[in-house]
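# Survey of secondary and tertiary structure
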Amino acid sequence: MKKTIDVCLSPDLVHLYDFDGKVAVVVDVLRATSCMTTALAHGVEGIVPVETLEECEQLGKEGYLTAAERNGEKLEGFNFGNSPFSYMDETLKRKSIAVTTTNGTRAIHLAKVRADEVVIGSFLNLKAVSNYVQNIDKDVIVVCAGWKGRVNLEDSMFAGALVAELQSTYSLELDASKIALSLYEAGKHDKLAFLSDCNHIKRLQKLNIQKDIEFCLEENVYNVVPILEGNRLILG
Ligand code: 3SL
């Protein structure tokens, strides 16, 4: 029987999906899962995604480096915000980082308590994620982080990119997979232009981080797959 790929367009919809025995690919293109992929690709040993600032602070006291973002901005008192460029740093090799973000880390937690396995996806490691899931005998659900429960364009588009990769060998059960695929097909030749009007890009542009946006939309920069092992993301 063919494996299936489904898409959960918002974390607030996870209760509608049956994750039993499945692999969840969690995506927050701008920028949480792009940062996680970048950090691990550049030699960070492990990332502990946490939901609250308090948990992140506590891990900081226990010796972790810390990263905290809310509404796009780095918070005072933490080592990093949420820019992939902060993680392209030799001195972070073999370090562990506790991370909390507005939507991405929440989506990871919602997937973690439901799915058999959690994998981190982004455009930066699209092909690597596609190869990884094809090599395991599990159905796939892409969990889009969205924005505060709302559907967003960039994560839906990544879901479509993964559907495009897998569609010849997986069956697309639900309309959400087809919606995501149509979005990707419509915008894949110039993602930046296609997404130029989307809510989060406008939000981030106010913070002057155009280069983060452009980088996070690049495909297949890294051949790595972050996977969740216990509470830590490590390279799979
Ligand atoms: O919401 C999140 O998890 C973040 O990725 C948002 S931001 O890109 O850092 O603004």
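The structure we're discussing is the one just above.
Computed from a predicted model, the values in this text were never measured in an experiment.

Rules behind the numbers
Residues numbered from 1 in each chain as written. Predicted model: local features only at pLDDT ≥ 70, side-chain atom pairs only at ≥ 80, totals over all residues. Heavy atoms only, no water. Salt bridge = Lys/Arg side-chain N within 4 Å of Asp/Glu carboxyl O. Helix = DSSP H or I, 4+ residues; strand = E, 2+ residues; numbered from the N terminus. Buried < 20%, exposed > 50% of the residue type's maximum accessible area, 1.4 Å probe, protein only. Pairing = 2+ DSSP bridges. Near = heavy atom within 4 Å. Polar contact = N/O pair within 3.5 Å; in protein donor to acceptor, adjacent residues only side chain to side chain. 1 Å grid on protein atoms, 1.4 Å probe; cavity = no way out; pocket = protein on both sides within 12 Å on 5 of 7 lines; lining within 4 Å. Sits in = over half its atoms within 2 Å of the grid points. Nonpolar A, V, L, I, M, F, W, Y, C, P; charged D, E, K, R; others polar.

### Section: the pattern of salt bridges
Taken as a whole, this structure holds 10 salt bridges when the rule is applied. Residue Lys-138 is joined to Glu-117 by a salt bridge in which the shortest nitrogen-to-oxygen separation is 3.1 Å. In this pair, Lys-138 sits in the loop between helix H4 (126–134) and strand S8 (140–144) while Glu-117 sits in strand S7 (residues 117–121), placing the two residues 21 residues apart along the sequence. Glu-117 sits in the buried class, given a relative accessible area of 15%. Measuring nitrogen to oxygen at the nearest pair gives 3.1 Å for the salt bridge that ties Lys-127 to Glu-165.

### Some remarks on the pairing of strand S10 (residues 226–229)
Taken together, the four bridges between S10 and strand S11 (residues 232–235) define a ladder with antiparallel strand orientation. Along S11, the bridge assignment pairs Ile-227 with Ile-234. Where S10 folds back on S11, the antiparallel hairpin that results is connected by two residues, among which Gly-230 adopts a positive phi of roughly 65°.

### Here we look at the pairing of S7
For a regular strand, side chains alternate in direction, first toward one face of the sheet and then toward the other. Counting buried positions along S7 gives five out of five residues, so the element sits mostly inside the fold. Burial along S7 is two-sided: Glu-117, Val-119 and Gly-121 and Val-118 and Ile-120, pointing in opposite directions, are all buried. For strand S2 (residues 23–27) and S7, the ladder comprises five bridges, and the chain directions are parallel. Counterpart to Ala-24 in the pairing with S7 is Val-118.

### Quick look at the site of the ligand
As a matter of local geometry, the ligand sits amid 14 residues, with Arg-31, Asn-82, Thr-101, Asn-103 and Gly-104 nearest to it. In the model, an oxygen atom of the ligand is placed 2.6 Å from a nitrogen or oxygen of the Thr-101 side chain. Contact between the ligand and Asn-103: an oxygen atom at 2.7 Å from a side-chain N or O atom of the residue. Judged by the fraction of its atoms near the pocket grid, the ligand is located in the largest cavity. For the shell around the ligand, a count of residues per class yields four nonpolar, seven polar and three charged.

### Topic: unusual backbone geometry
Looking along the chain, the bond that leaves Leu-30 and enters Arg-31 is cis, with omega of -5°. Mapped onto the elements of the fold, Arg-31 is located in the loop between S2 and helix H1 (32–41). The phi dihedral of Asn-208 falls on the positive side, at around 65°, and the residue is not glycine. Structurally, the position occupied by Asn-208 is in the loop between helix H8 (199–206) and helix H9 (210–216). A positive phi angle, near 55°, is found at Asn-220, a position not held by glycine. Relative to the elements of secondary structure, Asn-220 occurs in the loop between H9 and S10. Looking at Asn-220, the relative accessible area reads 37%, which means it is partly exposed.

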